[in-house]
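Each chain, written out:
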Amino acid sequence: MNAARHTTAPTEKLFGTVVPAMVTPMTKDGAVDLAAAQSLAAHLVDQGADGLVVTGTTGETSTLTDAENLDMFRAVVEAVGDRAAVIAGTGTNDTAHSLHLSRLAAKTGVDGLLLVTPYYNKPNQAGIRAHFETIADGVDLPIMLYDIPGRSVMPIQPETLIALAAHPNIRALKDAKGDLQSTTTVLAHSDLDLYSGDDGATLPLMALGAVGVVSVAAHVAPALYRALVDAVAAGDLTAAREHHFALDPVQRGIMTHVQGAVAAKAVLAAQGHIPSAAVRLPLVPATADELSLIRADLAEAGITF
């Protein structure tokens with residue numbers, strides 16, 4: 001396997017390093033709330049985020065219309081595009097639709113695209129590679145691939161990722177596979193910027209060479225993720241480990257009781273960062289009992305709501 005090499009300087013991170021996967025704020029009747037999205041984006045950047053994924057999984061992209069996706073891209077670019085990388089979630093299980101939405105997204109001023117493995121269809125590795133390369137050939141924006149077999153069923157095998165890394169527009173990988181051997185092989189044989197796609201794996205993946213995290217729990221603790229990522233980058237493993245353990249109750253609270261977008265919206269709404277915790281079916285809001293569990297976990301980290 002031959003390593004692919006791009007011309008980007010080693011210290012340049014096109015997508016940032018602390019990258020919340022933003023929720024899509026909605027009004028109580030389920031309409032996308034663009035003003036709230038802009039306010040939330042500014043808050044997250046103020047607290048240490050240097051990139052934002054807009055309408056990814058946590059942004060409920062699968063229940064948004066193309067027009068709503070594009071409105072979100074424009075709104076967040078307008079709010080923080082001069083201070084953070086804005087990454088548009090444009091991946092679907094339909095290659096033609098993904099390419100169409102990606103081309104429209106490119107016109108909104110976003111800095112890059114997040115493309116998830118095609119879900120439900122269960123393509124083989126040749127199909128997965130062709131899907132990503134078709135989009136990368138058709139849009140001149142840097143791309144972050146998203147490998148999450150827990151949602152897509154099909155993993156992107158290391159050999160496929162290494163081959164995809166040769167494409168000049170494919171620059172990064174959000175790794176939520178939970179397979180350290182696969183991660184090691186990809187890092188050893190490509191120059192993809194790797195991001196932890198699992199909040200709790202940020203420290204171990206950065207120890208292997210990841211550059212940062214695309215995070216759900218960073219909605220409620222962006223500064224602490226900033227401290228963790230910066231400590232690893234500075235080579236301070238002791239401090240990084242302390243931050244890692246401090247984040248444990250945050251990650252439990254946001255990621256283990258209800259779906260991440262549901263939990264993040266519940267906390268953000270209670271804290272006043274968004275006006276409503278509304279989600280779209282098939283997601284439903286957290287119950288009082290679920291909120292109590294989330295509240296108890298976050299209280300361990302000194303976060304109240």
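Our structure is the block above this text.
Residues numbered from 1 in each chain as written. Predicted model: local features only at pLDDT ≥ 70, side-chain atom pairs only at ≥ 80, totals over all residues. Heavy atoms only, no water.

Trainee: Would you take a moment to explain the overall build of the protein for this structure?
Mentor: The secondary structure content of the protein amounts to 13 helices and eight strands. Relative to the compact-globule value of 19 Å for 305 residues, the protein shows a C-alpha radius of gyration of 18 Å, a close match. The principal-axis extents of the C-alpha atoms in the protein amount to approximately 50 × 45 × 35 Å. In the protein, which comprises 305 residues, the share counted as buried stands at 55%. Counting only contacts in the protein whose residues sit at least 6 apart along the sequence, the fraction spanning at least 24 positions is 70%. By element, 53% of the accessible surface of the protein is carried by carbon and sulfur atoms, the whole surface being about 12200 Å². Placing the 19 positive and 32 negative side-chain charges of the protein at their respective mean positions leaves the two points 2 Å apart. (Helix = DSSP H or I, 4+ residues; strand = E, 2+ residues; numbered from the N terminus. Rg over C-alpha atoms; globule rule 2.2 N^0.38 Å. Buried < 20%, exposed > 50% of the residue type's maximum accessible area, 1.4 Å probe, protein only. Contact = heavy atoms within 4.5 Å. Areas by Shrake-Rupley, 256 points an atom, 1.4 Å probe, with all protein chains shown as cover. Lys, Arg positive; Asp, Glu negative; His and termini not counted. Charge placed at Lys NZ, Arg CZ, Asp CG, Glu CD.)

Trainee: Got a minute to help me understand helix H12 (residues 260-271) in this structure?
Mentor: At 3.6 residues per turn, the α-helix brings residues three or four places apart onto the same side. Between its first and last C-alpha atoms H12 spans 16 Å; for twelve residues at 1.5 Å apiece the expected length is 16 Å, and the two agree. Those residues of H12 lying buried are Gly 260, Ala 261, Val 262, Ala 263, Ala 264, Lys 265, Ala 266, Val 267 and Leu 268. Capping of H12 at its N-terminal end is provided by Gln 259; its side-chain oxygen lies 2.6 Å from the backbone amide nitrogen of Ala 261. Phi for Gly 272, located one or two positions after H12, is positive at around 85°. (Expected span 1.5 Å × (residues − 1). Polar contact = N/O pair within 3.5 Å; in protein donor to acceptor, adjacent residues only side chain to side chain.)

Trainee: Would you mind going over the pattern of salt bridges with me for this structure?
Mentor: Where charged atoms from two side chains of opposite charge come close, those side chains can pair. One pass over the full model with this rule turns up twelve salt bridges. Residue Asp 46 pairs with Arg 83 through a salt bridge whose shortest N-O separation is 2.8 Å. Highlighted residues: Asp 46 in helix H1 (residues 34-46) and Arg 83 in the loop between helix H2 (66-80) and strand S3 (85-89), separated in sequence by 37 residues. In the salt-bridge network here, residues are joined through shared partners; they are Asp 248, Arg 252, Asp 297 and Glu 300. (Salt bridge = Lys/Arg side-chain N within 4 Å of Asp/Glu carboxyl O.)

From the geometry alone we can't say anything about function, so treat these as descriptive.
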